[in-house]
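Descriptive analysis of the structure
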Amino acid sequence: MSSVRVLVGTRKGAFVLSADAKRDRWDISGPHFAGWEIYHVKGSPADPNRLYASQSSGWYGQMMQRSNDGGKTWEPVGNKFVYDGVPGTHQWYDGTPHPWEFKRVWHLEPSLTDPDTVYAGIEDAAIFRSTDGGQTWGELPGLRGHGSGPHWQPGAGGMCLHTIILDPGNPARIFIAISAAGAFRTDDAGATWRPINQGLRSQTIPDPTAEVGHCVHHVAMHPSRPGVLFMQKHWDVMRSDNAGDSWQEVSGNLPTDFGFVIDVHAHEPETIYVVPITSDSLHFPPEGKLRVYRSRTGGNEWEGLTKGLPQSDCYVNVFRDAMAVDSLDACGVYFGTSGGQVYASADAGDNWSPIVRDFPPVLSVEVQTLP
Amino acid sequence: MIRVVLPAHLRTIARVDGEVQLDVEGQATQRSVLDALEARYPALRGTLRDHVTQQRRPFVRFFACEQDLSHEPPDAPLPDAVASGAEPFLVVGAIAGG
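Per chain, residue numbering runs from 1 following the sequence as it is written. The lettering of chains begins at A and the numbering of ligands begins at 1, in the order of writing. A pLDDT threshold of at least 70 governs which residues receive local features in this predicted model, and a stricter bar of 80 or more applies before side-chain atom pairs are shown or counted, although totals over entire chains, interfaces and linings include all residues.

Some remarks on the nonpolar core
One nonpolar core equals one set of buried Ala, Val, Leu, Ile, Met, Phe, Trp, Tyr and Cys residues connected by C-beta atoms within 7 Å. Remark: C-beta atoms are placed from the backbone, and a residue is labelled buried if 20 or more other C-beta atoms sit within 10 Å of its own, exposed if 12 or fewer do, or partly exposed between those counts. Counting 136 residues, the largest nonpolar core has Val8, Val219, Tyr334, Val342 and Val365 of chain A together with Val33 of chain B as its most contacted members. Residues contacting Val365 of chain A, with those up to four places away along its chain left out, are Val6, Val8, Ala322, Met323, Ala324, Tyr334, Phe335, Gly336 and Val342 of chain A. C-beta atoms are first placed from the backbone for all residues, and any pair lying within 7 Å is then listed as a contact.

A closer look at the sheet that holds strand β26 (residues 323-325) of chain A
In any sheet, the strands associate via hydrogen bonds between backbone groups, in a parallel or an antiparallel arrangement. Residues and elements named next belong to chain A. Ordered in space as β26-β27-β28-β29, the four strands form an open sheet in which the pairing is antiparallel. A single partner strand is all that each edge strand has here, and the edge strands are β26 and β29 (353-356). With strand direction ignored, the average angle separating the axes of adjacent strands in the sheet is 25 degrees. Sheet analysis places strand β27 (residues 333-336) next to strand β28 (residues 342-345), joined by four bridges and oriented antiparallel. Following the sheet pairing, Tyr334 is matched in β28 by Ala344. DSSP bridges decide pairing: two strands pair if at least two such bridges lie between them. Under the DSSP-based scheme used, a helix requires at least four consecutive residues in state H or I and a strand at least two consecutive residues in state E, with every element numbered from the N terminus. Fitted lines through C-alpha atoms serve as axes, helices being fitted only where they are in contact, and the angles separating the N-to-C directions of these axes extend from 0 to 180 degrees.

Notes on the sheet that holds strand β25 (residues 303-305) of chain A
Residue and element names in this part refer to chain A. Reading across the sheet, the four strands line up as β22-β23-β24-β25 and stay open at both edges, with antiparallel pairing between neighbours. Every other strand in the sheet has two partners, leaving β22 (258-264) and β25 as the edge strands with one partner each. Neighbour to neighbour, the strand axes of the sheet diverge by 30 degrees on average, direction disregarded. In this sheet, β25 lies alongside strand β24 (residues 292-295) in antiparallel orientation, the contact comprising three bridges.

Observations regarding the confidence of the model for chain B
A score between 0 and 100, pLDDT records how confident the predictor is in each residue. Mean pLDDT over chain B: 96, with 98% of residues reaching 70 or higher. Among the scores for the predicted complex, ipTM is 0.94 and pTM is 0.97.

Quick look at the structure:
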């Protein structure tokens, strides 16, 4: 019988939540790496028992962990992230030059085909790759080196590379996104990159339609249609039908188009999910009502999903990597909150219930669907 | 023999309980002690000092014999009591946050 494994990264450790296909009774293991910030945990599509975790601390820096048994046991692997060449400077919040400095790994993206190959998105923004199971890491320097790097600025959470999407139909194509530089794409396996931000408008930068400088919060793709991308920007929900060459706003009737997460239904490529957040200065749901919004039309027409979610006095946030879907039938949807809840829906969002209510603030949620 | 006391999180990383005891070749200095510590427990590399610059991480402090040695040069000799094993070399996570 199929099962699911939900991998949760929190401010104080990692947790693994497991259930059978009914998804109504959960076993919880953890905290793993108790006391450490776990920005992301993700499993290899090529070997579901191979997991990678980013473990960090303001005191002791970055650790990387690897599991070969689905998260039961872990071993530390390489944590040496050194920029290629002389890293130079990017812009600081006030526009002055600031040296590129490694701070932490935000996102891990295991290869679709090789359990030992994994990409890491880091702060200050760069993409690294390991081909030996995380023991050693090397930068793909073409991203920072493509020319605009000295003009990138951090978002409020730091200058993080938080999204990495591997194109299942084209191994040479990778999409990434950086807050607050924007989205980029490589078509030559990371050697060269170009910004893909045409159509984005950001009133918070001097030139609202600049080639770079947009605060992209997250990007999602359905694997069956890798040319179609969905983006939750600082403000605005966007879609692209040409692999990011251009974008159109699809915020439609959302109560607010500010937010962090965005994801796509596992079986319906035009069904997408966001969690609207009031504004950039009020990081909680409008009216204190936690609502997931679903569009079955690829954007523009949205319906609020509320059953089982708190509809009063709720002032949590949902961070950018804290939503995921399983591929069971019906599609399961999961998200975690800054208040420590992990909510699950086993029916594509119609009904929700908390798996846990009292975790530390949830930084990331990933799901593995196991045979 | 040098005695080293690690903070709790780094004991977990190194998978040790209590003090660590190290044989250090040559003069006992911060650098030689940390080199020996990292050689014994490679998972600690990068947690105490930067991989490349070898600078102490800002929120890591080194105490011994009731002194703060954090700002001593890395090649300065450690106190005799540390070198002899009479006193431990304390790695401390700075008190920060709430």
